[in-house]
Each structure stands twice: as structure tokens, then as C-alpha cells.
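# Survey of secondary and tertiary structure
Next come the chains, spelled out residue by residue.
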Number of protein chains: 2
Amino acid sequence: MDPETEFVDQIALFAALLCGCIVLGHLLENSRWLNQSITALLIGLGTGCLILRTSGGKSSHILEFKQEFIFIYLLPPIIFNAGFQVKKKQFFRNFLTINLYGVVGTLISFAIISYGATRLFPMLDIGYLEMKDYLALGAIFSATDSVCTLQVLNQEETPLLYSLVFGEGVVNDATSVALFNAITKFDLSDTNLYTALEFASSFFRLFGLSTLLGVLVGLICAFTIRTLYFGRHSTDREVALMILMAYLSYITAEVFGLSGILAVFFCGVVMSHYAWHNVTHKSQVTTKHSFATMSYIAEVCIFLYVGMDSLDVGKWRFVEDSPGKSIWASIILLVLIMIGRAAFILPISHFSNLIRRDGNEKIGFKQQFVIWWSGLMRGAVSIALAYKKFTGAGQTIQPANALLITSTISVVLFSTIVFGLLTKPLIRRLLPHSSETEPSSPTSSTMPLLENGHDDDPETGNQRTLTAKASLKMLFDSPTTTIHTYWRRFDDWVMRPIFGGRGFVSYATGTRDMDVIH
Amino acid sequence: MDPETEFVDQIALFAALLCGCIVLGHLLENSRWLNQSITALLIGLGTGCLILRTSGGKSSHILEFKQEFIFIYLLPPIIFNAGFQVKKKQFFRNFLTINLYGVVGTLISFAIISYGATRLFPMLDIGYLEMKDYLALGAIFSATDSVCTLQVLNQEETPLLYSLVFGEGVVNDATSVALFNAITKFDLSDTNLYTALEFASSFFRLFGLSTLLGVLVGLICAFTIRTLYFGRHSTDREVALMILMAYLSYITAEVFGLSGILAVFFCGVVMSHYAWHNVTHKSQVTTKHSFATMSYIAEVCIFLYVGMDSLDVGKWRFVEDSPGKSIWASIILLVLIMIGRAAFILPISHFSNLIRRDGNEKIGFKQQFVIWWSGLMRGAVSIALAYKKFTGAGQTIQPANALLITSTISVVLFSTIVFGLLTKPLIRRLLPHSSETEPSSPTSSTMPLLENGHDDDPETGNQRTLTAKASLKMLFDSPTTTIHTYWRRFDDWVMRPIFGGRGFVSYATGTRDMDVIH
């Protein structure tokens, strides 16, 4: 069989599996335990077993992905969609808390996992690991995967909790990847205060520049679509331009050694705030749903792949003679993850409660537990980072590296499946309200996000005054809203007249009315 | 620079170029001469020159595509979208004529080009070519690219002409690729009547089975979405399932050695007839536009790539010492293309006029000229097939093969740019009406297709009686409509109750009304 035919066969099988995942995921939607991620992971595991069987133990993959594949093709749509669909008001209202969780929290978790590993791993006698490896481990296991929890939480009933978990998830992804890149690039052989400071400054510069880049690309896109009046000729061009510009922000950031995740996230936020209002109504519907679909497919792809990849014999062979070590390493890592997470959720929530004057807005203990729980799962980002670090050109060379890979896989599998299975019952017990509501109308799978994602939807114009009053009240309740008001004024007077946005595109309304009539 | 970084750089540059193409294509929309394809081709050429300059004459590519890339990723969305957006009524009304042009015509053109090449090429002294090579040449240069003409024709004013050119384009693509595959697979060393018959039967079996596969996958998709009631939970899953099932039809056909193009085309037709009516209104808008967008991006990608690739120094170096031969070969091929096309357009049109009783439906001489002209351009399919045949693993080995590659590139460039530039003025002179209308509202770039693509749109329910009357009149005018009526009855009584479709999905209407109100 020549390689081309084989490749076609593999793609066909993978596409069939994806279809299977979608159908099964739909059927199991109302299941008490399972969710989309676990289903895809289990299907991946099952297929891996089958392939392992039929290939006589040689391979468990359908497609041999490189880790770059995840970073170049699968992660951008997921993060972009997160930015595009985020409830901007909630996100920016809780901006401080989210960033404390996402940046400071991730750094605390990183420090604890790294430190714990340096102390505990030598006891296992797994071979020599450099300081850099331990730091990389910390970054790898700081990357959470909150998809599981978000599928259970109800944005309407617990908007604060939802926005915190969601926001932390995105900022955490960006922080851990940025941290990981900083570690691999930096020479950390002799750590003193100076290098630590330099490291910190480079990390925050990277953070700032990436955000700036994303915002810039988003604004350019909005400006182009607005001034060139794209809708006149073609809805497809608008949609294509938005997709490509978003991807451009990600890949440009990567080219310049910045964080693509941060860039594409903020590009998504800016696009949904400006560019989305400049396109025709048809494009608005199309972008909303097609971005969500792309993100959905990418997510299923990743879990399916992780499931298959976790049976890769090449990686397990190295730890064959010492399975105990791998299991112990996994247990140590899991415990460190749990401690590392508790170590920042409690103090940051406490601090956040201190600066919130509104009683309803405080983060109670149950909420804190849910936030802690939501970040225990490890997913695609951890896997991809571990491959990037511990495999040279796809091959596991050193035994210690092989052990770290297998431990990563074990942690991801265990946390996604076991913690994942417990999530639904646990949250429904803690927050009993959410068990009663079922989605009543056909909507997106990231339904709570989509439905009110564009909370400044032009259609809800009559609700605006109400929202304005609410935000006036907020101004006195919380200090961060003061900045918000200034921003709003600036947005209304400077930004929107230039870049478009709700209420600043004349022809869009005409089109919309036409659409409704036809 | 390590390969990964370089790859990221290349992707970034390619994405930026794509954005440039979209913006420029939009700006040049009203140009008298240019169109999207030519713009992308010219930008590709320009970039190729630049890269050639900066790399010191080493390379002209940004990304080194393999020809499989075009077949596996870029062609399926284009063909699927063609099937999905085709005006089914017009298409099936002219089914016989379209198939005569597309199948019989392509075979005639193939025969003439192959025969002409066997006679004329030996005079050029370009080295030995097998019989198989000549036959492959015939198949390669029978694949037309009618995008250029379709961009100029107006579906509302010349529906017959539009549907003929469009339909022929798709069927022609499928025929030539199927023909090409049959040639490369078959042992054609000793051609006698028996092998010729065997070849013909295998070709038609392939044709039939591919169509069947596409229809089957489309029906399964419709059935699944209908019975599992996908819209209840998620619009994304519906859209994702449609995309993946469509791709599955293409890739499955390829796995079984069938024609993916035919399969995915008919899968698109069936999906738009059944599955599209089973999804929520939001998914309907999303699929319509996102499929068109994917097709649009794929098309721009191909032309951009062809532009850059045409400056590939590796391929031109082989013909350096004999540029005259390459030019002569290109001229011979161009002349053969023109003759081969005229040789079937005139008789088939004449035959078609004989069986049409309605005077308005006859294909006049001007129309015949436009149909002839529309198929003179050669595009991505020719390039991809030529690479598949004449390059071994991406490298051009034999001088004769290199010459055929460069000739193919020359023919594609010349026909797309020169014939392409002449298309707009020519058609506006021949069909003076079409110059006056401009699209008045923002629509898709494949606007004429989209706007009335789903001519059985549920929204236009009040126009149905009118259409029914018109089709009753048609029944007596044209013999093919008799089959159409039987099909319609079968569709109404058997197919739609099972697979859904217009008027057979109860909950969709509810959703739609809700959407309009909100």
C-alpha cells in the first residue's frame, strides 16, 4: 500500500469517527455522567484498542499527528471562538478576579507543581531531570481544561460562576503556554534575582504585546469591512476575511514569538464588539455558528486523538519494566495539581470578596469549590505541551522523558474521565438549581454563551436603557466599573464611529429588515 | 531556522496573502476586465517573483503543496458547494443536455486532444512518450474551469445558459478526473475493441457507483438529523455533521477507487434537498454561507498557489535549453483545446435544440459561442492532474515530463489570464443585457446561485402554486419533464416522509418564526 492511499484511508476513518462522536455525543447529551469530551476520549481509546489489535500491537493511531498540528490548526479556532462568544460585559466586569485566577493563580500553581516535583520526583529514581524540565512540568500541569465544567454550568442561573470559570480557563491557557514558551527559551541554568526579574518582565511584555497584536488585528478587520463596505458584494468575503484575519493574528503572534492564544482571544473579543456589527445579518448568523462549529470539531478532534494516542505503544514500551514509577509519578502530579489549585483559589476568592461590595456578587464556599473542581481536569494543551517538551521530533528518546509523557497521558486520561464523570452529579448536588433546567429551544452546544453572547445585539435595542441603568448601579458597587464607564464613553465617542459597532452601521439595519421580511 | 519556525512563517505569509486577495478581489469587483481568479493568480505570480528575488532564485513557493493537497482538501469543498447551491430545478430540467456536454463532450474533447497530441508532439522531438501519457494529456486538458464565465453570467437573465455552463463545469470535472483515474489504473498497452469496451464499462460503473455513494451518504445524513432531532440540542452539531458527512462521501469514494468529485457533488445535491430542510433556521443560514465561504477560500488558495507554483524554477530548468519546444507544445495544446471543444458544442447543441419544443429554450448561436468560450479556461484540476501524472513524488525527473508540466502551467496561465480578461467584455457584447444589472443587495459572491439556490425555500411558500403551474406546462413541452413528474411524485410520497425536506419538518417552522420575532 503506497503512503498516499494509506493517508486517504486514515483520513476516511478519522472522518467517520468524528461523525460517530458527534452522533454519540448528541445521544448522550442528557446522560447523567457522560459528556462530549469523555465520549470522544472513550471512542478514541476504543478505536486505539482496535487498531492495536488489528495492527498486531504495532500502532494505535489513525493519523500520526505532530504536536504542532494541535497548536497550528486545532487550538486557534477553539480560543478564537471563546473570545468571540464570551459575554463581554460579564468578562470585563470580573476582569480583575479572572486575571487574578488566570495569571497569578496559574503562576502559584506552576510554582507549587514545579517545587513539589523537584522534591518528590528524585525519590522515584526515574533518572536525571534538569531544572528546566521541572519548570516545564509545572507549566504543563498548570494548563487546565474547564470544558467539562462549562458544559454543566448554566450561564443564566450562575452568571458570575460561569464567567469566572470560563474566563479563568482562557486566561489560564494563555498564561501556561506563554510560561512554557518563556521557560524553553530562557536560559535558567543559574537562577538569581536578576534572571528571575528579567524572566518576569519578559513574561509580562509578551502578555501585553500579544494582547495588543490581537486587538490591533481585530480593529484592522473591523475598519476594513466597514470602510470597504464588503457586504455590498458578498457575504462570503466578509466571513472569509474574519476567519483569515483571526487566524492571521494567531500565526503572526507565533511568528514574532508572542502568545498566539492571547492574540487570537482578544482578536475574537474585538471582532465580536466591532467587526461583527459591520457585516450583514446573514454573515452575523453564519459567523456566530460557523466559528462555534469549527471550535466544536477541533475539540472533538483533540479528544479523539488524545484517546488514540494514549495507547501509543512506543511511549509505553519505555516504562514497561517500571510501571510502578509511572503510576507513582502520575499520583504525585495529581496531588500536586489539587494542592496547587487550592492554594490560589481560596486566597484569591477571599481577596476578590473583599473588594466586592455587593453581597450577591460574593464568591461563596460552594462556588469556590466548583471553581477549584473545574480546573482539575487536564486536556489537550497539557498533552501538546508535554509532546513539545519531552519528545524529539515525535520520538521519545530518554527513559525519563518517556516516563513523563506516559505520566502526562495518565493524568489527562484519569482527570478527564474520572473527574469528568463526577462533574455533573457533583455540580448538580452543590448547585441544585441547575439540574432542573433543560435547553428548551434548539441552540448551539456552547448554548449559554451563544444565546446571549452578543449581549449588545441590535435586536434587543429596547432592553438597552434597562442595561444602562443596571450598569449605573454597578458603578457605585464596584470599583472596576469606573474604568468600565470611561471605556464606554471612549468607545461611544471615538472607537465606534471609526470601527463601527452596534448602532454605527447604517446599511446593516436595512439588510436585516429585508431578511426578516423575506 | 528550524523547519517548524519556517513552516509557521510560511503559513503566516500565506494567510496574509489570502487576506490581500480577498480585499483586492472586492475592490476590483466592478472592474471591466479582472475577476477573482485572475487577481489571485496575479498576486500569486507577483509573490512568486518576490520570493524568487529574495531567495536568490532558489524557490518561488511559500508553501510546498503536494498535488494531493489540492485533491484531499481544496477540491472537495468547491465541488460540494457547487452541488449544494445548484439550482436543482434548472439542473434536472436540463439534465440530458448537461450530461451530453459534460460526459459525451468531455470524451470527444479527450479523444481529439489525445489524438492530436500523438500526431503533433513527435514533430517537436521532446523525447519518447507512451500511449498512456498521451491519453493522460487528453484527460488533463479536458478538465475545464468555468469559474471565470460564471462570475460574469447573470442567472436571472440567462437561466438556461447559466445552468448549462454551470452544470457542464461540474460534470466535466467529474468526468475528466474519473477518466484520468481510469487511464492511470488501466493497462492500455495493447488497445483492442475488447479492452476499449472493458474500459468504457469500468468508466460508467465508476460513474454510477460514485453517484450512488454520494446520494446514499446524503440520505443517511438527512435521516440521522431528522430522526435524532439534532436541532434540539445544538446547531453546531448539525452543521458539523453535514460538513463531515459530505467530506466522508468524498473520501470514502476515494478509498474505494471511485470518483470523489461525483460523490460529493451528489451528496451536496441530496443534502440541500433533504438534510437542509431538517435543520434549524440558523443552521440553514450558516450552512448556506459557510459552505460558500469554504469553497471561496479553497478557490482563492488554488489560484494563489498556481500563480506561485508557475514560477517554480525546478520545473523550468529542465526546459531551459529548449524554451521553444515548451512554447510550441503549449500552442498545440491550446489549439487542440479550442478544436476539441468546438467539435462537441456545435453538434450537441444542435441535437439538444432538436428535442426541445419550446422556442425560447433553444440554444442560439451566440449562446453556443458563450458555452464554447466558457470552457476554454484551464485551472486547478488540470494542474493537479498534471502533477499527479508527470511528477514522481513532487520531483520532475524526465525532461519530457518536465516539458509537459511547464506546458500545462503555460496553458493554464495563458488561458486564465488572457481568455479570462476577455470574458467580461466579450459576454457583455454578446449578451448586452447582462451589463446593465448590478447586484443591488449584499449577497454571496456566488450570488445568483445562492439567492435562488434553494428554490423550494420554505419562505417562498406562496410562490409554490405558481411554480407548480409552470412545471405542469413544462411537462408537455419537454420529454425529460415526464421523468421529473414521476420523480416528484415518488419524492412527495416516499422520500420526503422518510428523509424530511420542505414541508416535512414540523419543528423547523416553529424555530424559524421564533427567529424572525426575536
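Residues numbered from 1 in each chain as written. Chains lettered and ligands numbered in written order. Predicted model: local features only at pLDDT ≥ 70, side-chain atom pairs only at ≥ 80, totals over all residues.

The name recorded for chain A in an unreviewed UniProt entry is Cation/H+ exchanger transmembrane domain-containing protein, from Deinandra increscens subsp. villosa. Reading the Subcellular location (unreviewed entry) entry of the UniProt record for chain A gives the comment "Membrane". (UniProt positions renumbered as here; feature names shortened; annotations may be inferred.)

So, about the overall build of chain A. Across its full length, chain A carries 21 helices and 0 strands. The buried share of chain A, taken over its 518 residues, is 53%. Considering only contacts within chain A whose residues lie at least 6 apart along the sequence, 83% involve residues at least 24 apart. (Helix = DSSP H or I, 4+ residues; strand = E, 2+ residues; numbered from the N terminus. Buried ≥ 20, exposed ≤ 12 C-beta atoms within 10 Å, placed from the backbone. Contact = placed C-beta atoms within 7 Å.)

Residue and element names in this part refer to chain B. Put simply, helix 16 (residues 380-390) and helix 17 (residues 399-430) touch, their axes get as near as 10 Å, and they point 180° apart. When the interaxial angle is binned, helix 16 and helix 17 end up roughly antiparallel. In this structure, helix 16 contributes Ser382, Ile383, Ala386 and Phe390 to the contact, and helix 17 contributes Asn401, Leu404, Ile405, Thr408 and Val412. Partitioned by chemical class, the residues of the contact of helix 16 with helix 17 number 6 nonpolar, 3 polar and no charged. (Axes fitted to C-alpha atoms, helices over the stretch in contact; angles between N-to-C directions. Parallel < 35°, antiparallel > 145°, perpendicular 65-115°, else oblique. Nonpolar A, V, L, I, M, F, W, Y, C, P; charged D, E, K, R; others polar.)

Our next topic: the confidence of the model for chain A. All names here are of chain A. Overall, the predicted model of chain A reaches an average pLDDT of 78, with 79% of residues at or above 70. For chain A, the element scoring lowest by mean pLDDT is helix 18 (residues 447-451), at 33; helix 10 (residues 235-255) scores highest, at 91. Overall, residues 506-518 carries pLDDT values under 50, and its contacts beyond four positions in sequence, including any with other chains, amount to 14 contacts. Here the prediction assigns the complex a pTM of 0.82, and the interface score ipTM is 0.81. (pLDDT = per-residue confidence, 0-100.)

The next subject is helix 16 (residues 380-390) of chain A. Residue and element names in this part refer to chain A. Most of helix 16 is tucked away: 11 of the 11 residues are buried. Buried within helix 16 are the following residues: Ala380, Val381, Ser382, Ile383, Ala384, Leu385, Ala386, Tyr387, Lys388, Lys389 and Phe390. Its buried side turned inward, helix 16 meets helix 3 (67-85), helix 6 (131-140), helix 8 (159-185), helix 12 (281-309) and helix 17 (399-430).

With respect to the secondary-structure elements, B:Ala15 resides in helix 1 (residues 3-27). Residues contacting B:Ala15, with those up to four places away along its chain left out, are A:Leu244, A:Tyr247, A:Leu248 and A:Ile251.

Residues and elements named next belong to chain B. Structurally, leucine 413 is set in helix 17. Overall, the presence of 18 C-beta atoms within 10 Å leaves leucine 413 in the partly exposed class. Sequence separation of leucine 413 and leucine 212 is 201 residues, and the distance between their C-alpha atoms is 36 Å.

For the rest of this paragraph, the subject is the packing of helix 5 (residues 95-124) of chain B against helix 6 (residues 131-140) of chain B. Relative orientation and spacing of two packed helices are given, respectively, by the angle between their axes and the distance between those axes. Residue and element names in this part refer to chain B. Contact geometry of helix 5 with helix 6 gives a least axis separation of 8 Å together with a crossing angle of 135°. When the axes of helix 5 and helix 6 are compared, the pair comes out oblique. Here the hand of the crossing between helix 5 and helix 6 comes out right-handed. Here Phe110, Ala111, Ile113, Ser114, Ala117 and Thr118 of helix 5 lie close against helix 6, whose contacting residues are Tyr134, Leu135, Leu137, Gly138 and Ala139. Residues of the contact of helix 5 with helix 6, tallied by class, amount to 8 nonpolar, 3 polar and no charged. (Left-handed = near helix turned anticlockwise from the far one by under 90°.)

This part takes up the environment of A:Ala380. Residues and elements named next belong to chain A. Here alanine 380 shows up in helix 16. Residue alanine 380 is classed as buried on the basis of its 26 C-beta neighbours within 10 Å. When neighbours within four sequence positions are excluded, alanine 380 is seen to be in contact with Ile70, Asp145, Ile302 and Val306.

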